[in-house]
Amino acid sequence: MSSDLLEISDLIVDYDVATLQPRPVSRESVVARLMANGQRSAARLVQRLPASNDTLDVEACNRVLLRSHIELQRLSEEFLQADRLRCVLLPLLRALRDAGVKPPLRIVDVGCGLGYVVRSLAAHGRLGRDVEIIGCDMNVALIENAQRLAEEESLSCELKVANAFQLEQPGHVFISTGVMHHFRGSDLDAFFAGQRQGHAFVHYDIQRSVLSPWGAWIFHQTRMREPLARHDGVVSARRVHSTQTLLSAARTATGFTCASLDGARNVLGAVLRPMTATLGARAELWAPLMRSMGPLRARLGPTG
């Protein structure tokens, strides 16, 4: 299972982490990189994107990404991703309250995209009036559409163009869905290091198994129409990190007590639970968290 494949969505837009401003992207450079990596079909997709003097058209790329995220939202809906997170967030929030953490308790979704999880939790999460739900992404087009959808439903949540780890009021709990596999090496370490300011995190990603790429291919071929969504969805399943890699990076970067949640113990488990989580909390929070989790504890892997 190759983890060296590239996702088109990671290459066609680029943002300055400090200013959050888009940076110009050379179409030919992206095409050359994909060709050199043996991804000819992906290179052809990028070659068809509009460009001016070899610089990819930011608005055109954002439209493609928006269509892809609209389709990818189906994955979160079918996998009941907001419900999965809610089941873990409820005991986490109880543990924070029991530990005397002062409200409001801020849940921050890192790389929220169209904000499906944020909006769903705001609408149906019943997390408590002392909870603020914030979605952060660097893509202006995605956040503008997420804000519009939240306003149409009169939802009590915040969606902003921001670096999730540089908010004026830091998050207490960081969450994400399908984000971790985008980070490799030192970038993965930095992803977790940014969460030291918080108290806990829950990050869901695709379950790593020999079946994942095949399942992703079937799902995306049958449910997706946008070529970029089809391509990146399958590549994502081949890029996911092993549980050991994620836990090692999380423990080293944060010093939190960490464990996997919903990890597959056999082939049937990988089929029934296509998503798995990396869960972490400050050491002093772990015991009260375990008391609050109830039956969920049986779905935890070894801690460390």
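The coordinates are above.
Residues numbered from 1 in each chain as written. Predicted model: local features only at pLDDT ≥ 70, side-chain atom pairs only at ≥ 80, totals over all residues. Heavy atoms only, no water.

Asker: Help me understand unusual backbone geometry in this model?
Answerer: Negative phi is the rule for most residues except glycine; trans is the rule for most peptide bonds. With an omega dihedral of 0°, the bond running from Pro103 to Pro104 counts as a cis peptide bond. Looking at the element boundaries, Pro104 is found in the loop between helix H5 (81-98) and strand S3 (105-110). Of note in the backbone geometry, Leu20 takes a positive phi value of approximately 65° without being a glycine. Among the secondary structure elements, Leu20 is positioned in the loop between helix H1 (8-11) and helix H2 (27-36). Given the relative accessible area of 15%, Leu20 is considered buried. A positive phi angle, near 55°, is found at Leu80, a position not held by glycine. (Helix = DSSP H or I, 4+ residues; strand = E, 2+ residues; numbered from the N terminus. Buried < 20%, exposed > 50% of the residue type's maximum accessible area, 1.4 Å probe, protein only.)

Asker: Sorry, what's going on with the nonpolar core here?
Answerer: Across soluble globular proteins, nonpolar side chains have a tendency to be buried as a group. Ranked by internal contacts, the top residues of the largest apolar core, which has 50 residues, are Ile175, Val202, Leu279 and Leu289. For this core, the leading source of residues is H5, giving eight residues. If we skip the residues at most four places from it in the chain, Val202 touches Leu85, Val88, Leu92, Phe174, Ile175, Ser176, Ala277, Thr278 and Leu279. In terms of nonpolar packing, the next biggest core, distinct from the first, is built from 22 residues, Cys136, Phe165, Ala250 and Ala253 among them. (Core = buried A, V, L, I, M, F, W, Y, C linked by side-chain atoms within 4.5 Å. Contact = heavy atoms within 4.5 Å.)

Asker: What exactly am I supposed to notice about the packing of helix H9 (residues 212-223) against helix H10 (residues 227-239) here?
Answerer: Each pair of packed helices gets described by two things: the angle between the helix axes and the distance between those axes. Look at H9 against H10: their axes get within 8 Å of each other, and the N-to-C directions meet at 165°. Taken together, H9 and H10 sit at an angle that is classed as roughly antiparallel. Considering the relative orientation of H9 and H10, their crossing is right-handed. Every residue of H10 that contacts H9 at Ser212, Pro213, Ala216, Trp217, His220 and Gln221 is listed here: Ala229, Arg230, Gly233, Val234, Ala237 and Arg238. (Axes fitted to C-alpha atoms, helices over the stretch in contact; angles between N-to-C directions. Parallel < 35°, antiparallel > 145°, perpendicular 65-115°, else oblique. Left-handed = near helix turned anticlockwise from the far one by under 90°.)

Asker: Help me understand helix H13 (residues 283-293), please; the structure alone is not making it clear to me.
Answerer: Each α-helix winds once per 3.6 residues, and so residues spaced three or four apart point in a common direction. Every buried residue of H13 is listed here: Leu285, Trp286, Pro288, Leu289, Met290, Ser292 and Met293. Immediately beyond the C-terminal end of H13, within one or two residues, lies Gly294, with a positive phi of roughly 60°.

Asker: Looking at this structure, how should I read the sheet that holds S3?
Answerer: By definition, the strands of a sheet pair up through backbone hydrogen bonds, in either a parallel or an antiparallel sense. Ordered by their spatial adjacency, seven strands build an open sheet running S5-S4-S3-S6-S7-S9-S8, and the pairing between neighbours is mixed. Both outer strands of the open sheet, strand S5 (158-161) and strand S8 (257-261), are each paired with one neighbouring strand and no more. This sheet shows a mean twist of 20° between the axes of neighbouring strands, independent of strand direction. Pairing between strand S4 (residues 131-137) and S5: four bridges, direction parallel. Across the sheet, the residue bridging to Asp137 is Val161, located in S5. Against the sheet, helix H6 (residues 116-124) makes contact with S3, S4, S5 and strand S6 (173-177), and its axis sits at roughly 165° relative to S4, the strand it touches most. (Pairing = 2+ DSSP bridges.)

Asker: So what exactly am I meant to see when it comes to the side chain of Glu7 here?
Answerer: Secondary-structure assignment places Glu7 in the segment before H1. A polar contact is formed between the side chain of Glu7 and the side chain of His181, at a distance of 3.1 Å. One polar contact links Glu7 to Arg239, side chain to side chain, over a distance of 3.2 Å. Excluding residues within four positions of it along the chain, Glu7 makes contact with His181, His182, Asp232, Val235, Ser236 and Arg239. (Polar contact = N/O pair within 3.5 Å; in protein donor to acceptor, adjacent residues only side chain to side chain.)

Asker: Is there a simple way to explain H2 in this structure?
Answerer: Within H2, the full set of buried residues consists of Arg27, Val30, Val31 and Leu34. Down the axis, H2 shows its buried residues gathered within 100° of arc, on one side only. The inward-facing, buried residues of H2 contact H1, helix H3 (40-47), strand S1 (51-52) and strand S2 (55-56). Trailing H2 by a residue or two, Gly38 shows a phi angle of about 80°, which is positive. (Arc of directions from axis to C-beta.)

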